[in-house]
Amino acid sequence: MKLIMESISENESFARTVVAAYITRLDPTLEELADVKTAVSEAVTNSIIHGYCGKNGEIEIICGIEGKEVTIQVSDKGVGIPDIEKAMEPLYTTKPEWERSGMGFAFMEAFMDVLEVISEVGKGTTVLMRKEIGKEQAE
């Protein structure tokens, strides 16, 4: 599944709804669905606020399913992240004046099984997330 949308805040809820609908074929629990929706929201919000700094741009979401694992890739062509390690620290934010909590990557990491961030300054950022659906039910 591939979705390309404008980097406007109204599209954050659209993105999470589309991804949630896409993964329903895996019969996720409500908790798993909420985890994925939250992670997608955080990734898209980061692209809007930090990647494009409120300017127009496109966000691309690519989803795939292999077995019981969903892969979600959220990409922008925004400003990029100069220090990914620093950006991923809980409570770190480049926009404290916007009352940003700095917990976006921490939430993505907590709610998904795998989180990988690839970024190049001036070229954009890609957030790659994976989650196995049904893992908790099997345990």
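Residues numbered from 1 in each chain as written. Predicted model: local features only at pLDDT ≥ 70, side-chain atom pairs only at ≥ 80, totals over all residues. Heavy atoms only, no water.

1. Quick notes on the packing of helix 2 (residues 30-51) against helix 4 (residues 104-111)
When two helices pack together, you describe them by how their axes are tilted relative to each other and by the distance separating the axes.
So, step 1. Orientation of helix 2 relative to helix 4, taken along the N-to-C sense of each, is 150°, at an axis distance of 9 Å. Judged by the inter-axis angle, helix 2 sits roughly antiparallel to helix 4. The two elements helix 2 and helix 4 cross, and the hand of that crossing is left-handed. Residues Asp 35, Thr 38, Ala 39, Glu 42, Ala 43 and Asn 46 of helix 2 pack against Gly 104, Phe 105, Phe 107, Met 108 and Phe 111 of helix 4.
So, step 2. In the contact of helix 2 with helix 4, the residues fall into six nonpolar, three polar and two charged. (Axes fitted to C-alpha atoms, helices over the stretch in contact; angles between N-to-C directions. Helix = DSSP H or I, 4+ residues; strand = E, 2+ residues; numbered from the N terminus. Parallel < 35°, antiparallel > 145°, perpendicular 65-115°, else oblique. Left-handed = near helix turned anticlockwise from the far one by under 90°. Contact = heavy atoms within 4.5 Å. Nonpolar A, V, L, I, M, F, W, Y, C, P; charged D, E, K, R; others polar.)

2. A few points about the pattern of salt bridges
Side chains bearing opposite charge may pair, as long as their charged atoms lie close to each other.
So, step 1. Considering all chains together, one arrives at five salt bridges under this definition.
So, step 2. Here Arg 130 ties to Glu 69 by a salt bridge, and the two come within 3.9 Å at their closest N and O atoms. Here the residue Arg 130 occupies a position in strand 5 (residues 124-132), and Glu 69 occupies one in strand 3 (residues 69-76), the gap between them amounting to 61 residues.
So, step 3. Arg 130 sits in the partly exposed class, given a relative accessible area of 27%.
So, step 4. Judged by its relative accessible area of 29%, Glu 69 is partly exposed.
So, step 5. One salt bridge in this structure joins Lys 123 and Glu 120, with 3.7 Å as the shortest N-O distance. (Salt bridge = Lys/Arg side-chain N within 4 Å of Asp/Glu carboxyl O. Buried < 20%, exposed > 50% of the residue type's maximum accessible area, 1.4 Å probe, protein only.)

3. Some details on unusual backbone geometry
So, step 1. Located in the positive-phi region is Asp 27, a residue other than glycine, with phi close to 55°.
So, step 2. In this structure, Asp 27 sits in the loop between helix 1 (10-23) and helix 2.
So, step 3. At Cys 53, a position not held by glycine, the phi torsion is positive, near 50°.
So, step 4. Looking at the element boundaries, Cys 53 is found in the loop between helix 2 and strand 2 (58-66).

4. Overview of the packing of aromatic side chains
So, step 1. Overall, the coordinates contain one aromatic pair when judged by the stated rule.
So, step 2. The interplanar angle of 15° and the centroid separation of 6.1 Å between the aromatic rings of Phe 107 and Phe 111 together place this pair among those described as stacked. Taken as a pair, Phe 107 and Phe 111 lie in helix 4 at a separation of four residues, close to a single helical turn.
So, step 3. For the cation-ring pair, Arg 25 lies above Tyr 22, with the distance from its terminal atom to the ring centre recorded as 4.5 Å. (Phe/Tyr/Trp six-rings, centres within 6.5 Å; stacked < 30°, edge-to-face > 60°. Lys NZ or Arg CZ within 6 Å of the ring centre and 35° of its normal.)

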